[in-house]
Amino acid sequence: MPHRRALLGLAAALTCLASVPAQAQDFPHKPIKLVVPFPPGSGTDTSARYFGKKLSELTGQPVVVENKAGANGFIAVQAVLAAPADGYTVFVGSNSTLAVNVALFKSLPYDPVTDFAPLSMMMRSPALLIVPGSSPHKSLADLTAAAKARPTALNYGAGSAGYQLMAELFNDAARVQTTHVPFKGANEAVAAVAGGTVDLAFAEMTSAQEMVKSGRIRALAVASDKRTVALPEVTTATEAGLPGFTAYTWVGAMVSAKTPKAEADKLAALLTQIERLPETRAFYERIGAEVMQGGPQEMRAFQAEEIRLWKRIAAQAKVELQ
């Protein structure tokens, strides 16, 4: 009898375990996917791969980065929102997909605020104003003078909505008119500048600095309040004759707003832990960027501020909504 009672007890225990919902298992217990709306090599992709590696080290689970470029980030966003909202599909977005698109489109197939739950900030990087290495424009003053002499004749490449608005902000600040040429991603726009297909572009420090160092492209200014460690010889826009002009790209992580709070909170805590690592700060300094500290609340407030800023710039520059 004791033996039979023990067996019955074991069976009951196993039945209880089988009835425990999957969500109650330790999270994460399977591979995590980080979805990026830009091609490999972009600053957003670089952040996703760095954080993905560290997240895998912390959790012991594989982390896969999936690049779904194109359509102004819509493809990647829709892939994330169509996936199960269980915390295993994370959107690694940028200022373009999480803020600027709101200012450029009459209507979006998603709402970057209500459709997503913020997890953490990752990084920000000052934009470089670049021209071809063979360009006759040796300085920002040269470029603005040429643009004023021939309104709309010069064109700028933009790999995303964010870069488009940066260029329009430049047009407004410098009182010039340059023409927009769209590209699928930041690397394509930078390559077009290097090949002389377009006259200028704004680019992430992370994706452009090696071409600047090689001479394939020329950086006329960095759009930040101070020079960068990665390219200390490049003057700030203020030093180059455009006082107060700053423009940054930034990257942050979000999940579907339908994700259970427990899973979202765990992910946020893990990503915040990675932010605070000294090696994370060193990693970003090497590529000309900086860590942005902040969890869900800070990211939500920052996102709202960015949306207000770019709506104002779009209206001020009279950008035609798409």
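Structure: above.
Being a predicted model, the structure only gives us computed values, none of them experimental.

Asker: Explain helix α3 (residues 74–82) here, please?
Answerer: One full turn of an α-helix is made of 3.6 residues, so residues set three or four places apart face in the same direction. Within α3, the full set of buried residues consists of Phe74, Ala76, Val77 and Val80. For α3, the buried positions fall inside an angular range of 165° around the axis, keeping them on one side. Structurally, α3 contributes buried residues whose contacts are with β1 (32–36), β3 (89–94), α4 (95–104) and β4 (116–132).

Asker: Help me out: how do you make sense of the side chain of serine 120 in this one?
Answerer: Locating serine 120 in the fold gives a position in strand β4. Looking at serine 120, the relative accessible area reads 0%, which means it is buried. Within the local environment of serine 120, its side chain forms a polar contact with the side chain of glutamate 275, the two groups lying 3.3 Å apart. In this view, serine 120 contacts Gly252, Ala253, Leu271, Thr272, Glu275, Gly294, Gly295 and Met299; residues no more than four positions away in its chain are not counted.

Asker: Is there a simple way to think about the nonpolar core in this case?
Answerer: Counting 53 residues, the largest nonpolar core has Leu143, Leu165, Phe170, Leu200, Phe202, Phe245 and Trp310 as its most contacted members. At eight residues, helix α6 (residues 161–174) tops the list of elements feeding residues into this core. Excluding residues within four positions of it along the chain, leucine 143 makes contact with Leu129, Val131, His137, Leu154, Phe170, Leu200 and Leu220. Counting residues in hydrophobic clusters, the runner-up holds 31 residues, among them Tyr88, Leu270, Leu271 and Tyr284.

Asker: Help me understand the side chain of threonine 249 in this model?
Answerer: Within the fold, threonine 249 resides in strand β9 (residues 248–256). A relative accessible area of 4% means that threonine 249 is categorised as buried.

Asker: Just checking my understanding: could you explain the pattern of salt bridges for this structure?
Answerer: Proximity of charged atoms lets side chains of opposite charge pair with each other. Applying the stated criterion across every chain, the model contains 11 salt bridges. Taking the shortest distance from any N to any O, the salt bridge between aspartate 45 and arginine 49 comes out at 2.9 Å. Pair noted here: aspartate 45 and arginine 49 are both in helix α2 (residues 43–59), with a separation of four residues, about one helical turn. According to the relative accessible area criterion, arginine 49 is partly exposed, its value standing at 39%. Lysine 261 serves as the salt-bridge partner of aspartate 265, at 2.6 Å between the closest nitrogen and oxygen. With aspartate 265 and lysine 261 both in helix α9 (residues 261–275) and four residues apart, this pair spans about one turn of that helix. Given a relative accessible area of 35%, aspartate 265 falls into the partly exposed group. Here lysine 261 falls in the exposed class, since its relative accessible area comes to 62%. Overlapping salt bridges, with partners in common, bring together Lys53, Lys54, Glu57 and Glu279 in one network.

Basis of the calculations
- Throughout, residues of each chain are indexed from 1 in the direction in which the sequence is written.
- Reporting in this predicted model follows two pLDDT cut-offs: at least 70 for local features of residues, and 80 or more for side-chain atom pairs to be given and counted; totals over whole chains, interfaces and linings ignore these cut-offs and use all residues.
- To obtain the side-chain values, all non-hydrogen atoms of the structure were included, while hydrogens and water were left out.
- Burial classes: relative accessible area under 20% of the type maximum marks a residue as buried, over 50% as exposed, and values in between as partly exposed (1.4 Å probe, protein chains only).
- In this text, helices come from DSSP runs of H or I with a minimum length of four residues, and strands from runs of E with a minimum of two, each type numbered from the N-terminal end.
- What the arc describes is the spread of directions from the helix axis to the C-beta atoms.
- Whether two residues are in contact is decided by their heavy atoms, any of which lying within 4.5 Å being enough.
- Polar contacts, as counted here, are pairs of nitrogen or oxygen atoms within 3.5 Å of one another; within protein the pair requires one atom able to donate a hydrogen and one able to accept it, and residues that are adjacent in sequence qualify only if both atoms are side-chain atoms.
- Residues grouped as a nonpolar core are buried Ala, Val, Leu, Ile, Met, Phe, Trp, Tyr and Cys residues, joined through side-chain atoms within 4.5 Å.
- Salt bridges are defined as contacts in which a side-chain nitrogen from Lys or Arg sits within 4 Å of a carboxyl oxygen from Asp or Glu.

Note that every value here comes from positions in space, so none of it alone points to a role or purpose.
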